[in-house]
Amino acid sequence: MNQPAINVLDLTKRYDDVLANDGVSFEIERGEIFGYLGPNGAGKTTTIRMLLGLLSPSSGTAEVLGADIRNRKALTDVKSDLGYLPDTLGFDERLTGRQVLDYFARMRGDERRAELLELFHPPLDQAVETYSAGNRRMLGIVQAFMHDPELVIMDEPTSGLDPLKQDRLHHFMEQEREAGKTLFVSSHILSEVQRVCDRVGIIRDGEIVALEDIDALLKRSGKEVRVHFADPVDETAFVTDQMIDVDVVDRSVHFTYTGETQALLEHLVQFEIEDANVGDPQLDTIFKHYYTDESNPNPP
Ligand SMILES: Nc1ncnc2c1ncn2[C@@H]1O[C@H](COP(=O)(O)OP(=O)(O)OP(=O)(O)O)[C@@H](O)[C@H]1O
């Protein structure tokens, strides 16, 4: 069973004059956590809805656990191995949490219900219409995982959860990966992606603009440097072509260094420096470059 969990092949969706997905292609291996990122309106939900068979592609296709998404019967056959945590949780509001879970259990099974309810505990005997956002999300998580699927598609999985529950979910996701499960995670929260994802795909204006290992992305993206000078900064003498996103405040300079670390250190020793910090950039610094429109040199 070495076929990828998801194989997206030139997937395209057009809504009148909007090309929401434009030749999107990527593979997700079994046992990995794949982060799907992009600014609002980039096309993430469109891809997810096509993968689940909720929306037909205009052209191209994808295979989910080996099932062609254009083949309704094949997709129905793999549904018991597939979990879905949508960003908007549209349960029947009049049912209690327990009735909602019973409903999904009849369709797909619930062998992990008790285990999940130990970790995530929505008030099962209350009607869903009385639930807080966090309780709704917890019910969604139990629903998505309780039939022990091979692959779970999660859209903004931690939205509405308090920090403790977010941490619990991240830990749970890491354990699922260790157990060989595959997670496809659409998220805006970069610290979440940095913590749990092995690889990311970045979509912008319907097109994939990056597809990479998180570690490789961090390595390739230079060093984040903060330097505190003894005297006011002489910017023209200090700043070189290898420094991008340079921000000078008083006697401090913050920048991303794209050259060799050795060359940076040789450059720094020429100045009267009180303190310097050289580290890996945060993903948000990197993603800013992918998210913002390159044709606009001064994005808001
Ligand atoms: N039913 C629809 N009819 C027309 N246009 C649509 C429809 N659904 C989505 N779009 C458009 O397709 C593009 C992609 O939307 P999509 O919802 O996939 O983006 P997204 O990346 O999920 O955004 P967000 O992060 O805001 O949820 C947007 O320009 C959106 O306005």
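Conventions and cut-offs
Residues numbered from 1 in each chain as written. Predicted model: local features only at pLDDT ≥ 70, side-chain atom pairs only at ≥ 80, totals over all residues. Core = buried A, V, L, I, M, F, W, Y, C linked by C-beta atoms within 7 Å. Buried ≥ 20, exposed ≤ 12 C-beta atoms within 10 Å, placed from the backbone. Helix = DSSP H or I, 4+ residues; strand = E, 2+ residues; numbered from the N terminus. Contact = placed C-beta atoms within 7 Å. UniProt positions renumbered as here; feature names shortened; annotations may be inferred. Pairing = 2+ DSSP bridges. Axes fitted to C-alpha atoms, helices over the stretch in contact; angles between N-to-C directions.

Examining the nonpolar core
- The biggest cluster of nonpolar side chains holds 55 residues, and the ones touching the most others in it are Ile141, Val142 and Phe184.
- Element by element, the count of residues in this core is highest for helix H5 (residues 133-145), at 6 residues.
- Setting aside its immediate chain neighbours within four residues, Phe184 contacts Ile6, Ile28, Phe34, Tyr36, Ile153 and Met154.
- Residues Val225, Val227, Val253 and Tyr257 belong to the second largest nonpolar core, which totals 6 residues.

As for the UniProt feature "domain: ABC transporter" (unreviewed entry) in the protein chain
- Per the UniProt annotation, the sites labelled "domain: ABC transporter" (unreviewed entry) are residues 6-230.
- As annotated, residues 6-230 comprises 34% helix and 30% strand, and the C-alpha atoms at either end are separated by 54 Å.

Here's the deal with the sheet that holds strand S10 (residues 207-213)
- On the basis of which strands lie adjacent, the open sheet formed by 6 strands has the order S6-S7-S8-S3-S9-S10 and mixed pairing. Both edges of this open sheet fall to strand S6 (82-85) and S10, since each of them pairs with a single strand only. Adjacent strand axes in the sheet meet at a mean angle of 15 degrees when their direction is disregarded.
- As judged from the 4 bridges shared by strand S3 (residues 33-37) and strand S9 (residues 199-204), these two strands associate in the parallel manner. Following the sheet pairing, Gly35 is matched in S9 by Val200.
- Against the sheet, helix H1 (residues 44-51) contacts S3, strand S7 (151-155), strand S8 (182-186) and S9, and its axis sits at roughly 150 degrees relative to S7.
- Strand contacts of H5: S6 and S7, with the helix running at about 170 degrees to S6, the strand carrying the most contacts.

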